[in-house]
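Chain and residue survey
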Amino acid sequence: GVPGGGTDGAANKIGMAIFSDEEAPLTGGGGGVSSAEEFSGFGCWCSCVPSGYLGVVQKFGEFVGYMEPGMNPYCPGIHRIQMINMAVQQLLCSTECKTLDHAIVVIRTAVQYRVEKQRVQNAVFDVQDPQPLIRALVDNAVRSHITALTLEKAYSNKGELSNDVLLSARNGMLPLGYSVLDVVVTDLSPDPAITQAMNAHIKAKRDLQTAAEQAEAQKVLKVKDAEAAAEAKHLSGQGVARMSVAMADGLRNSLESMRHGGLDPRDSLCMMVTTQYLDTLKEFTSNPKAS
């Protein structure tokens, strides 16, 4: 077999090769978009293509198809086999750009891509290194999208940004033989000074909200205190009114008793006033601070 690619065998075995008509090269080379087909020729030698790879076949330097994984016959000296990795690969991109509100941010994306089997001819012969091309497409798409958004909206529109970058990279790389499977925005990092300013702004808003809530709580407490004081005064007034009624009833009963005892109303009244006067003097004597 041929490990990794290249030619193998001696030139004297060329005459032993037998080829079918399906081995004819495909049209569309030289940079155009082509649809590759599986190589179906015969030969005196075998190439073992490992899983996850394709064997790109050239006949006298001209592309004629690809080999699937497994044992494939070919003719050394006439055919050259080049192994192409078909596994999904990831490219990490970092793009610096400016938002609509003039904030400098660095956006990091992860691009998953692979070689498109049906366009392997373009991938092998038209592209030397796909990664710079993908980075250029990603940078262009990111800068076109972010410049129309403020920093706050950029954080909330990562999904739309991923879709825009994916569409741009896929449309740009598919004609070159590469299929972009997914684009993920992994990080959006503004300048540290902007981050500190945003944190300070958020803290100020939360402090303002906290102060408003505390003021509302104080208001509720004062209202409740006023309602409690009013209720207390109302109850106190009811108590005073009841006390006055009780005192009036007691005075009337006392006058009625004195009248039955032989005292006229004038003498009874003087006696009651004198009694209250003496009670008041007694209260001042027992409690000098009372007013």
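Residues numbered from 1 in each chain as written. Predicted model: local features only at pLDDT ≥ 70, side-chain atom pairs only at ≥ 80, totals over all residues. Heavy atoms only, no water.

A look at the layout of surface pockets
Here the largest pocket defines a volume of roughly 190 Å³. What lines the largest pocket is simply Asp-101, Thr-150, Leu-151, Glu-152, Tyr-155, Ile-194, Met-198, His-201, Ile-202 and Lys-205. Listing elements by their share of the lining of the largest pocket, those giving two or more residues are helix H3 (151–156) and helix H5 (192–260). Here the lining of the largest pocket gets five residues from one element, more than from any other, and that element is H5. Grouping the amino acids of the lining of the largest pocket by side-chain chemistry returns five nonpolar, two polar and three charged. (1 Å grid on protein atoms, 1.4 Å probe; cavity = no way out; pocket = protein on both sides within 12 Å on 5 of 7 lines; lining within 4 Å. Points joined across faces, edges and corners; volume = space filled by probe spheres on them. Helix = DSSP H or I, 4+ residues; strand = E, 2+ residues; numbered from the N terminus. Nonpolar A, V, L, I, M, F, W, Y, C, P; charged D, E, K, R; others polar.)

Observations concerning a nonpolar patch on the surface
A cluster of nonpolar side chains, namely Val-240, Met-243 and Met-247, defines an oily patch on the protein surface of about 300 Å² accessible area. Residue position: Met-243 is located in helix H5. A relative accessible area of 47% means that Met-243 is categorised as partly exposed. (Patch = residues over 30% accessible without salt bridge, like charges linked within 9 Å, V, L, I, M, F, W, Y side chains within 5 Å. Areas by Shrake-Rupley, 256 points an atom, 1.4 Å probe, with all protein chains shown as cover. Salt bridge = Lys/Arg side-chain N within 4 Å of Asp/Glu carboxyl O. Buried < 20%, exposed > 50% of the residue type's maximum accessible area, 1.4 Å probe, protein only.)

Some words on the packing of aromatic side chains
The geometry of an aromatic ring pair is captured by the separation of the ring centres together with the interplanar angle, meaning the angle of the planes. In total, this model carries two aromatic pairs according to the counting rule given. Judged by centre distance (5.8 Å) and plane angle (65 degrees), the rings of Phe-63 and Phe-125 are edge-to-face. With a gap of 62 residues between them, Phe-63 in strand S4 (residues 62–67) and Phe-125 in helix H1 (residues 120–125) connect regions that are remote in the sequence. Note on Phe-125: relative accessible area 37%, which makes it partly exposed. (Phe/Tyr/Trp six-rings, centres within 6.5 Å; stacked < 30°, edge-to-face > 60°.)

A closer look at the nonpolar core
With 37 residues, the main nonpolar core has Ile-107, Val-120, Val-142, Ile-146 and Val-180 as its most contacted residues. Aside from chain neighbours lying at most four places away, what touches Ile-146 is Cys-97, Lys-98, Thr-99, Leu-100, Val-105, Ile-107, Ala-154 and Leu-161. Counting seven residues, the second largest nonpolar core, distinct from the first, contains Val-49, Val-57, Ile-81 and Met-83. (Core = buried A, V, L, I, M, F, W, Y, C linked by side-chain atoms within 4.5 Å. Contact = heavy atoms within 4.5 Å.)

Brief notes about helix H4 (residues 158–173)
Residues separated by three or four positions in an α-helix point in the same direction, a consequence of the helix having 3.6 residues per turn. With 16 residues, H4 should reach 22 Å at 1.5 Å per residue; the first-to-last C-alpha distance of 22 Å fits that figure. Looking only at H4, the buried set comprises Leu-161, Ser-162, Val-165, Leu-166, Ala-169 and Met-173. For H4, the arc enclosing every buried residue in end-on projection is 130 degrees, short of the 170-degree limit, so these residues lie on one face. Residues of H4 that are buried make contact with strand S8 (104–115), helix H2 (130–146) and strand S9 (178–190). (Expected span 1.5 Å × (residues − 1). Arc of directions from axis to C-beta.)

Quick notes on unusual backbone geometry
Among all residues save glycine, negative phi is the norm, and among peptide bonds the norm is trans. Of note, the phi angle at Phe-60 is positive, near 55 degrees, even though the residue is not glycine. One non-glycine residue, His-102, lies in the positive phi region at around 65 degrees. A residue is classified by how much of its surface remains accessible, and His-102, at 61% relative accessible area, is exposed.

What about the confidence of the model for the protein?
The share of residues in the protein with pLDDT of 70 or more is 84%, and the mean pLDDT across the chain is 80. Per-element averaging of pLDDT across the protein places strand S1 (residues 5–6) at the bottom with 40 and H2 at the top with 95. Counted against residues more than four places away or in other chains, residues 1–31, with its pLDDT under 50, gives 59 contacts. (pLDDT = per-residue confidence, 0-100.)

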